[in-house]
Amino acid sequence: MMNKQEELKSLQGKIAVVAGATRGAGRGIAVMLGEAGATVYCTGRSVRGEASDLGRTETIEETAEMVTAHGGVGISVRTDHTSPEQVEALFERVKQEQDGRLDILVNDIWGGERLTHWGTPFWEQPLSDALLMQERAVKTHLITSYYAAPLMVKRGTGLIIEITDGSTYSYRDNLYYSLAKIAPIHLATGMAEELRPHHVTVVAVTPGFLRSEQMLEHFGVEEHNWRDAIVQEPHYSESETPYFVGRAVAALAADPKVSEKSGQALTSWDLSDEYGFTDIDGRRPHWGNYAREQGLPVR
């Protein structure tokens, strides 16, 4: 059995790239990989003094600093993951700086919040938004894995994690959103098959009801008083911080038997049951159990 200090540094010496680490789940994952001792390349488009078209205040530099503050080594690299040239340059840099080593890739690029038109039939939604969502949430994952995989194949080891929303192929109340969120699950399934002979593991992972910066802002609360939002949205009572799925990813990356899960779609709550980690507030939210108790679909 590992002691607590060994457990906290279970990823010491590991090299990770978190694509889409600016905010939300990506930031939480990067920071928790850092908490476990990893060196984490934090990528995205928003840097200090030059935000992306999403207009958010969070930056990849902040995320990298948080990684370092939690015990890892954070490195920010501005990257537009829709650009093959920029992604290729990113992994060439990793290759040069880390002697060809890449242990963990997390694909968390999204950017589709403002492109989702809930409650509107697909043929009445702006086609430009629908196509841009697929470019940001599917094309980016394809490009990123394309340039990352050879580093892992060459060393005969590695873990790729596709972050998505839901662990099934069920419809998610909007055609284009469903396509963007189901695609990473199939990417994990397909990549797992092709990478298995090279001893590279691929899984998809979903958080539950995520208490992201944008969601907190939507409800007009902050992390310290997030429970005030339950009045507006009762299901928020079972929400989780981005660090919960971050610890799920860190636990997977530290598991010597993770290859047995290759090709699977996993959830933060089930992984918490399996590995025993908690959210940073000490809670163990379980969206699966909660949704079943409330008669909600568990997607």
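Let me sum up the structure you'll find in this document. (Residues numbered from 1 in each chain as written. Predicted model: local features only at pLDDT ≥ 70, side-chain atom pairs only at ≥ 80, totals over all residues. Heavy atoms only, no water.)

## Points about unusual backbone geometry
Then, in step 1: A positive phi angle, near 70 degrees, is found at Asp173, a position not held by glycine.
Then, in step 2: Within the secondary structure, Asp173 sits in the loop between strand S5 (158–163) and helix H6 (175–195).
Then, in step 3: Looking at Asp173, the relative accessible area reads 42%, which means it is partly exposed.
Then, in step 4: Even without being a glycine, His199 presents a positive backbone phi close to 65 degrees.
Then, in step 5: Along the chain, His199 falls in the loop between H6 and strand S6 (200–206). (Helix = DSSP H or I, 4+ residues; strand = E, 2+ residues; numbered from the N terminus. Buried < 20%, exposed > 50% of the residue type's maximum accessible area, 1.4 Å probe, protein only.)

## As for the packing of aromatic side chains
Then, in step 1: Counted under the stated rule, the structure contains eleven aromatic pairs.
Then, in step 2: Ring geometry for Phe122 and Trp123: centres 5.1 Å apart, planes at 90 degrees, overall edge-to-face.
Then, in step 3: Classification of Phe122 as partly exposed rests on a relative accessible area of 40%.
Then, in step 4: Both rings, one in Phe122 and one in Tyr176, keep their centres 6.4 Å apart while their planes meet at 85 degrees; by these two values the pair is edge-to-face. Of the two residues, Phe122 sits in the loop between strand S4 (104–107) and helix H5 (127–155) while Tyr176 sits in helix H6, which places them 54 residues apart along the sequence.
Then, in step 5: One residue, Lys181, lies across the ring of Trp110, its end atom 3.7 Å from the ring centre.
Then, in step 6: Sitting over the face of the ring of Trp226, Arg211 holds its NZ or CZ atom 3.8 Å from the ring centroid. (Phe/Tyr/Trp six-rings, centres within 6.5 Å; stacked < 30°, edge-to-face > 60°. Lys NZ or Arg CZ within 6 Å of the ring centre and 35° of its normal.)

## A word on the nonpolar core
Then, in step 1: Membership of the largest hydrophobic core comes to 37 residues, with the highest contact counts inside it found for Ile29, Leu33, Val40, Val106, Ile161 and Val205.
Then, in step 2: Within the residue set of this core, elements represented by two or more residues are strand S1 (15–19), helix H2 (24–35), strand S2 (39–44), helix H3 (60–69), S4, S5, S6 and helix H8 (242–254).
Then, in step 3: At nine residues, H8 tops the list of elements feeding residues into this core.
Then, in step 4: For Val205, the contacting residues outside a window of four places in its chain are Ile161, Glu162, Ile163, Thr164, Val245, Leu252, Leu266 and Leu271.
Then, in step 5: Grouped together as the second largest cluster of nonpolar side chains are 26 residues, Tyr41, Leu105, Ile143 and Ile160 included. (Core = buried A, V, L, I, M, F, W, Y, C linked by side-chain atoms within 4.5 Å. Contact = heavy atoms within 4.5 Å.)

## Some thoughts on the pairing of S4
Then, in step 1: Along S4, one buried face is formed by Ile104 and Val106 and the opposite face, lined by Leu105 and Asn107, is buried too.
Then, in step 2: Of the pairings in the sheet, the one linking S1 to S4 comprises four bridges and is parallel in character. The residue bridging Val17 from the neighbouring strand is Leu105, located in S4.
Then, in step 3: Both S4 and S5 contribute to a ladder of four bridges, which runs parallel. Its bridge partner being in S5, Val106 is matched across the sheet by Ile161.
Then, in step 4: In this fold, S4 hands off to H5, which returns the chain to S5; that crossover is right-handed. (Pairing = 2+ DSSP bridges. Right-handed = clockwise from strand over helix to strand, strands pointing away.)

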